[in-house]
Amino acid sequence: MNIEEVKALGDAIRAEVGKAVVGLDEAVELMLVALFASGHILLEGPPGTAKTFLAQCFARAAGLDYGRIQFTPDLLPGDILGSNLFNFQTSQFTLTHGPIFTELLLADEINRTPPKTQAALLEAMQERTVTIDGIDHKLSERFMVVATQNPIESQGVYPLPEAQLDRFLFKFEVGYPSLEQEREIVAKQGSRFGMPRPEQWGVAQVADHATISAAADAVAANRLADEVVDYVVRLVRATRATGDLQIGASPRAGATLAAAARAHAALDGRDFVLPDDVKKLAPAALRHRVILSPAAEIDGRTADAVIAGLVEQVEAPR
């Protein structure tokens, strides 16, 4: 698959998702980048902003097997991974797969379960492998986690540990739609209560496993000039040098940002990465990987504001 075909595939998936989902074009773009860069995405927003519906429509358009886990305080790691159950007919233990054995996994309200259960996703997100009773089980190479969390409620929730957050390629903050977008949502979906299914809005499958894998291979071969590599490294290291951040981004952040920039360039129809690709993706790729210093918090600064300042300060290659 060439870059022009990757761009066409991305445009087709956007068009299908857009039939049902209104006002989340940037989220769809980041999900496409994450898909082709073999990454994961965290969607944070208040209830009723179509986070779950977006994941369903995206999975259908991209031809990915879809699975969902509703995270609750009493959820156990075995409820996610599966377990070996004794079969009395064969007198042997048989592995019962958990919902993690899929391609696009919606981890709904991931911050409602304790860290022990959240950690069950760590190995799967990084290595696409799960270990059950000492035996490794491979997941699909297209395995992708789309996690959601509600930033409003503070009771009964468990903040994601830093190691978990660092596994997400992007964190996207889902806000409320504009006036015109909300009017369109009400006009389109105000005929019945409950979540509509993607097929009811004509969302069709436009890709399959082989197509997505071929697109990911084409993206990985995209050219990344040494000057752009240096720019990514300087930008990530700048997060560790500023006094506004107590904790900066990890080396993994630089590697994943470079992979995301390759995918973003391909979706724009280019076989080479520009510094603008890095600049556009930097906020979503870094905001969840840094921790503000106490002084910055007292001043009312945000991680996005600090990152935006660093993007302006760090000189980009020409």
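Here the structure is shown first, and the text comes after it.
What counts and how
Residues numbered from 1 in each chain as written. Predicted model: local features only at pLDDT ≥ 70, side-chain atom pairs only at ≥ 80, totals over all residues. Heavy atoms only, no water. 1 Å grid on protein atoms, 1.4 Å probe; cavity = no way out; pocket = protein on both sides within 12 Å on 5 of 7 lines; lining within 4 Å. Points joined across faces, edges and corners; volume = space filled by probe spheres on them. Helix = DSSP H or I, 4+ residues; strand = E, 2+ residues; numbered from the N terminus. Nonpolar A, V, L, I, M, F, W, Y, C, P; charged D, E, K, R; others polar. Axes fitted to C-alpha atoms, helices over the stretch in contact; angles between N-to-C directions. Left-handed = near helix turned anticlockwise from the far one by under 90°. Contact = heavy atoms within 4.5 Å. Core = buried A, V, L, I, M, F, W, Y, C linked by side-chain atoms within 4.5 Å. Buried < 20%, exposed > 50% of the residue type's maximum accessible area, 1.4 Å probe, protein only. Salt bridge = Lys/Arg side-chain N within 4 Å of Asp/Glu carboxyl O. Patch = residues over 30% accessible without salt bridge, like charges linked within 9 Å, V, L, I, M, F, W, Y side chains within 5 Å. Areas by Shrake-Rupley, 256 points an atom, 1.4 Å probe, with all protein chains shown as cover. Expected span 1.5 Å × (residues − 1). Arc of directions from axis to C-beta. Polar contact = N/O pair within 3.5 Å; in protein donor to acceptor, adjacent residues only side chain to side chain. Parallel < 35°, antiparallel > 145°, perpendicular 65-115°, else oblique. Pairing = 2+ DSSP bridges.

## Quick notes on the layout of surface pockets
Here is step 1: Of the volumes computed, that of the largest pocket is approximately 780 Å³.
Here is step 2: Lining the largest pocket are 34 residues; nearest its centre among them are P47, G48, T49, A50 and K51.
Here is step 3: Looking at the lining of the largest pocket, the elements that each hand over two or more residues are α3 (51-62), β8 (144-149) and α8 (179-189).
Here is step 4: Here the lining of the largest pocket takes 4 residues from α8, the largest share from any one element.
Here is step 5: Looking at the lining of the largest pocket residue by residue, the class counts come to 17 nonpolar, 12 polar and 5 charged.
Here is step 6: By volume, the second largest pocket is sized at about 550 Å³.
Here is step 7: What lines the second largest pocket is a set of 23 residues, and nearest its centre among them are E44, Q149, L165, K171 and R287.
Here is step 8: Secondary-structure elements contributing two or more residues to the lining of the second largest pocket are α7 (162-165), β9 (170-173), β11 (291-292) and α14 (303-313).

## Describing the packing of helix α10 (residues 226-241) against helix α11 (residues 251-267)
Here is step 1: Two elements in contact, α10 and α11, have axes whose closest approach is 9 Å; the angle formed by their N-to-C orientations is 145 degrees. When you trace α10 past α11, the crossing you get is right-handed. In this structure, α10 contributes V232, V236 and R240 to the contact, and α11 contributes P251, A253, G254 and L257.
Here is step 2: A per-class count over the contact of α10 with α11 returns 5 nonpolar, 1 polar and 1 charged.

## Considerations on the nonpolar core
Here is step 1: Ranked by size, the top nonpolar core spans 78 residues in total, and within it F36 and F170 carry the most contacts.
Here is step 2: Once residues within four sequence positions are removed from consideration, F170 is found in contact with L30, V33, A34, H40, I41, L42, A260, L281, A284, A285 and H288.
Here is step 3: Judged by nonpolar contacts, the second largest core, of 23 residues, contains I100, F143, L160 and F168.

## Focus on the pattern of salt bridges
Here is step 1: Tallied over the full model, the rule gives 15 salt bridges.
Here is step 2: Sharing partners across several salt bridges, the network here consists of K7, D11, R14 and E29.

## Quick word on a nonpolar patch on the surface
Here is step 1: On the surface, a cluster of nonpolar side chains totalling about 400 Å² of accessible area is made up of F86, F88 and F93.
Here is step 2: Within the fold, F93 resides in strand β4 (residues 92-97).
Here is step 3: Relative accessible area serves as the criterion here: at 58%, F93 is assigned to the exposed category.

## Quick word on helix α1 (residues 3-18)
Here is step 1: When the terminal C-alpha atoms of α1 are compared, their 22 Å separation across 16 residues agrees well with the 22 Å that a helix rising 1.5 Å per residue should span.
Here is step 2: Along α1, the positions that sit buried rather than exposed are I3, V6, L9, G10, I13, E16 and V17. Down the axis of α1, the sector holding all buried residues measures 150 degrees, keeping them to one side.
Here is step 3: On its buried face, α1 sits against α2 (25-36), α3, α9 (209-220) and α11.
Here is step 4: With a side-chain oxygen positioned 3.2 Å from the backbone nitrogen of E4, the residue opening α1 is N2.

## Here we look at α3
Here is step 1: With 12 residues, α3 ought to run about 16 Å at 1.5 Å a step, and its terminal C-alpha atoms sit 17 Å apart, in line with that.
Here is step 2: Among the 12 residues in α3, 11 count as buried, and that is most of the element.
Here is step 3: Those residues of α3 not exposed but buried are K51, T52, F53, L54, A55, Q56, C57, F58, A59, A61 and A62.
Here is step 4: Phi for G63, located one or two positions after α3, is positive at around 70 degrees.

## Examining unusual backbone geometry
Here is step 1: In this structure, S38 takes a positive phi of about 60 degrees despite not being glycine.
Here is step 2: As for its placement among the helices and strands, S38 is situated in the loop between α2 and β1 (41-44).

## Here we look at the packing of α10 against helix α12 (residues 275-286)
Here is step 1: Where α10 meets α12, the axes come as close as 11 Å, and the angle between the chain directions of the two elements is 30 degrees. Judged by the angle between their axes, α10 and α12 are roughly parallel. Here α10 runs over α12; the crossing is right-handed. Of α12, the residues touching α10 (which contributes V228, Y231, V232, L235 and T239) are P275, V278, K279, A282 and L286.
Here is step 2: Across the contact of α10 with α12, the residue classes tally to 8 nonpolar, 1 polar and 1 charged.

## Topic: the sheet that holds β8
Here is step 1: Ordered in space as β2-β5-β8-β1-β9, the 5 strands form an open sheet in which the pairing is parallel. Every other strand in the sheet has two partners, leaving β2 (66-70) and β9 as the edge strands with one partner each. Across the sheet, the axes of successive neighbouring strands diverge by a mean angle of 20 degrees, strand direction being ignored.
Here is step 2: One ladder, built from 5 bridges, connects β2 with strand β5 (residues 104-108); its direction is parallel. From the neighbouring strand, Y66 faces β5, where its bridge partner is L104.

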